[in-house]
Amino acid sequence: MKTSKEQALFTPLQIGAVSLKHRVVMAPLTRSRSIQPNSIPGDLMADYYKQRASDGGLIIGEATNISLTSRGWLGSPGLYLAEHVEGWKRVLKGVHAKGGIMFAQLWHTGRASHVTMTGGATPVTASVNPTYWENPNQVVSTPDGWIQPSPHRALEVKEIAAIVEDYRKAAQRAKDAGFDGVELHAANGYLIDQFLQDGSNQRTDEYGGSYENRSRLLLEAVAALVSVWGGDRVAVRIGPGGTFNAMHDSNPEPLFAYVAEQLNQFNLAYLHIIEPRVKGNIVIHENQGPVASERLRKIFKGKIIAAGGFEPDTAEESIVKGVLDAVAFGRHFISNPDLPKRIEEGLPLAEYDRSTFYTFDPKGYNDYPAYSTQYASK
């Protein structure tokens with residue numbers, strides 16, 4: 001890597017109403033460490049995020065459920081109870097004490113769920129597809145371990161307004177908790193992505209068929225968040241061409257071009273793009289560049305943060321080329337709580353342990369040392 005004075009990664013960036021001092025962003029990482037049974041952020045989470053906060057650096061919080069019936073991953077936190085707000089306040093206190101900035105990522109898992117996670121309610125989605133819950137390779141995290149999802153049902157049109165309202169309420173709770181903005185999770189095969197892509201959306205009403213109709217829920221949810229925060233503190237995460245959670249679309253490029261174009265109306269803080277070279281947390285196309293960001297850069301008029309398979313050198317290269325504005329690192333932030341410093345100073349990166357990504361205790365979570373601590377005794 002170049003020295004920090006030459007690195008585009010360490011130049012300031014304005015994202016909406018927020019000023020960043022560098023462009024090494026912490027990606028939203030599902031880590032399953034909230035306090036059960038009510039999914040409340042606790043001291044363990046507060047310590048984890050404080051460790052990874054940096055002066056003027058952006059943290060995108062892990063996917064956070066907007067309601068009890070939106071849950072689908074054991075240990076993920078919520079923003080639908082007063083106790084959630086109080087828990088997040090403790091998290092934000094530590095992040096802000098280090099000069100960090102944090103957006104809440106708002107999440108509805110849709111069909112990727114089980115009745116043990118939703119309080120007994122049948123998981124909902126755009127259209128019914130039994131092959132999803134019948135596939136033994138499709139599993140969700142529950143109190144009974146990793147098991148196949150429950151059978152789901154299609155949302156009725158009259159029910160959709162209530163889900164949009166859940167997003168609005170969660171956005172207000174995020175503001176009450178002290179977040180600096182919110183990001184709508186519209187990727188990785190969860191509810192909004194299930195409406196976007198025609199592999200999961202076979203509806204024939206105003207929420208199905210055309211790009212306009214399949215994008216309707218996304219745009220309604222964004223409008224709800226903007227009503228609370230204003231556009232300059234709202235962001236959207238999309239996964240063009242993503243296949244995680246059994247997702248696919250017959251023509252993804254024009255679909256996501258339409259989505260990006262429609263999002264311009266909100267003057268968002270940023271658009272967060274998951275590159276299709278990753279599937280979940282696995283890189284499946286090692287030599288592929290940031291193709292989704294390259295395409296959508298020509299359409300989306302605001303700032304772009306990209307995630308998925310980046311290394312420090314490829315992140316730097318993409319910013320220098322103008323393909324994107326900042327890079328969200330996931331796996332490297334897990335094992336390097338001081339990742340911005342390590343990249344800036346050219347220090348070696350610690351290896352991450354995949355076996356602890358979705359466990360429930362401090363091991364592999366907040367026990368990775370910062371560089372100075374790690375090597376002081378050696």
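One can find the structure itself at the top, above this paragraph.
Procedures and definitions
- Residues numbered from 1 in each chain as written.
- Predicted model: local features only at pLDDT ≥ 70, side-chain atom pairs only at ≥ 80, totals over all residues.
- Heavy atoms only, no water.
- Helix = DSSP H or I, 4+ residues; strand = E, 2+ residues; numbered from the N terminus.
- Rg over C-alpha atoms; globule rule 2.2 N^0.38 Å.
- Buried < 20%, exposed > 50% of the residue type's maximum accessible area, 1.4 Å probe, protein only.
- Contact = heavy atoms within 4.5 Å.
- Areas by Shrake-Rupley, 256 points an atom, 1.4 Å probe, with all protein chains shown as cover.
- Lys, Arg positive; Asp, Glu negative; His and termini not counted.
- Charge placed at Lys NZ, Arg CZ, Asp CG, Glu CD.
- Salt bridge = Lys/Arg side-chain N within 4 Å of Asp/Glu carboxyl O.
- Core = buried A, V, L, I, M, F, W, Y, C linked by side-chain atoms within 4.5 Å.
- Expected span 1.5 Å × (residues − 1).
- Pairing = 2+ DSSP bridges.
- Phe/Tyr/Trp six-rings, centres within 6.5 Å; stacked < 30°, edge-to-face > 60°.

Q: Just checking my understanding: could you explain the overall build of the protein for this structure?
A: Helix and strand counts for the protein stand at 13 helices and 16 strands. A compact globule built from 378 residues should have a C-alpha radius of gyration of about 21 Å, and the protein, at 19 Å, falls within 12% of that. Within the span of the protein, comprising 378 residues, buried residues form 57% of the whole. Across the protein, contacts joining residues at least 24 apart in sequence account for 72% of those joining residues at least 6 apart. Of the accessible surface of the protein, which amounts to about 14,500 Å², a share of 51% is contributed by carbon and sulfur atoms. Of note, the protein has its 39 positive side-chain charges centred 3 Å away from the centre of its 41 negative side-chain charges.

Q: I would appreciate a short explanation of the pattern of salt bridges in the present structure.
A: Pairs may arise between side chains of opposite charge once their charged atoms sit close together. For the structure on display, the rule yields eleven salt bridges. Where Arg342 meets Asp338, a salt bridge forms, and the shortest distance between an N and an O atom there is 2.9 Å.

Q: Can you walk me through the nonpolar core in this structure?
A: For soluble globular proteins, nonpolar side chains are generally found buried alongside one another. Grouped together as the largest cluster of nonpolar side chains are 82 residues, with contacts concentrated most on Tyr49, Trp88, Leu106, Phe179, Val236 and Leu263. Core analysis: the second largest hydrophobic core is formed by 17 residues, Leu20, Leu58, Ile101 and Ala269 among them.

Q: For this particular structure, what's the right way to read helix α8 (residues 252–263)?
A: Helical geometry note: an α-helix holds 3.6 residues per turn, so side chains three or four residues apart project in the same direction. Taking 1.5 Å as the rise per residue, α8 with twelve residues should run 16 Å; its terminal C-alpha atoms sit 16 Å apart, in good agreement. Among the residues of α8, Leu255, Phe256, Tyr258, Val259, Ala260 and Leu263 are the ones counted as buried. In the core, the buried residues of α8 are packed alongside α5 (191–196), α6 (211–214), α7 (216–229), β11 (234–238), β12 (270–274) and α9 (291–297).

Q: Whenever I open this one, the environment of Thr356 confuses me. Can you help?
A: Considering the arrangement of structural elements, one finds Thr356 in the loop between α12 (339–345) and α13 (371–376). With 139 residues separating them along the chain, Thr356 and Leu217 place their C-alpha atoms 34 Å apart. Discounting chain neighbours no more than four positions away, the residues touching Thr356 are Arg31, Arg33, Lys363, Gly364 and Tyr368.

Q: Before we go on, may I ask you to explain the pairing of strand β10 (residues 181–186) in this structure?
A: Looking along a regular strand, one sees side chains alternate from face to face of the sheet. With six of six residues buried, β10 is to be regarded as a mostly interior element. Residues Gly181, Glu183 and His185 point to one face of β10 and Val182, Leu184 and Ala186 to the other, with burial holding for every one of them. As defined by bridge partners, strand β5 (residues 101–107) adjoins β10 across four bridges and the pair is classed as parallel. Bridged to Leu106 within β10 is Leu184. Two elements, β10 and β11, share five bridges in a ladder whose sense is parallel.

Q: What should I look at first to understand the packing of aromatic side chains in this one?
A: Each aromatic ring pair is described using two quantities: the centre-to-centre distance and the angle formed by the ring planes. Under the counting rule described, the total for this entry stands at 13 aromatic pairs. When the ring of Tyr49 is compared with that of Trp88, the centres are 6.3 Å apart and the planes differ by 50°; the resulting orientation is tilted. Note that Tyr49 is positioned in helix α1 (residues 43–52) and Trp88 in helix α2 (residues 82–97), a separation of 39 residues in sequence. Residue classification places Trp88 among the buried residues on the basis of a relative accessible area of 0%. Among the aromatic residues, those joined into a ring-pair cluster are Tyr48, Tyr49, Trp88, Phe179 and Tyr365.

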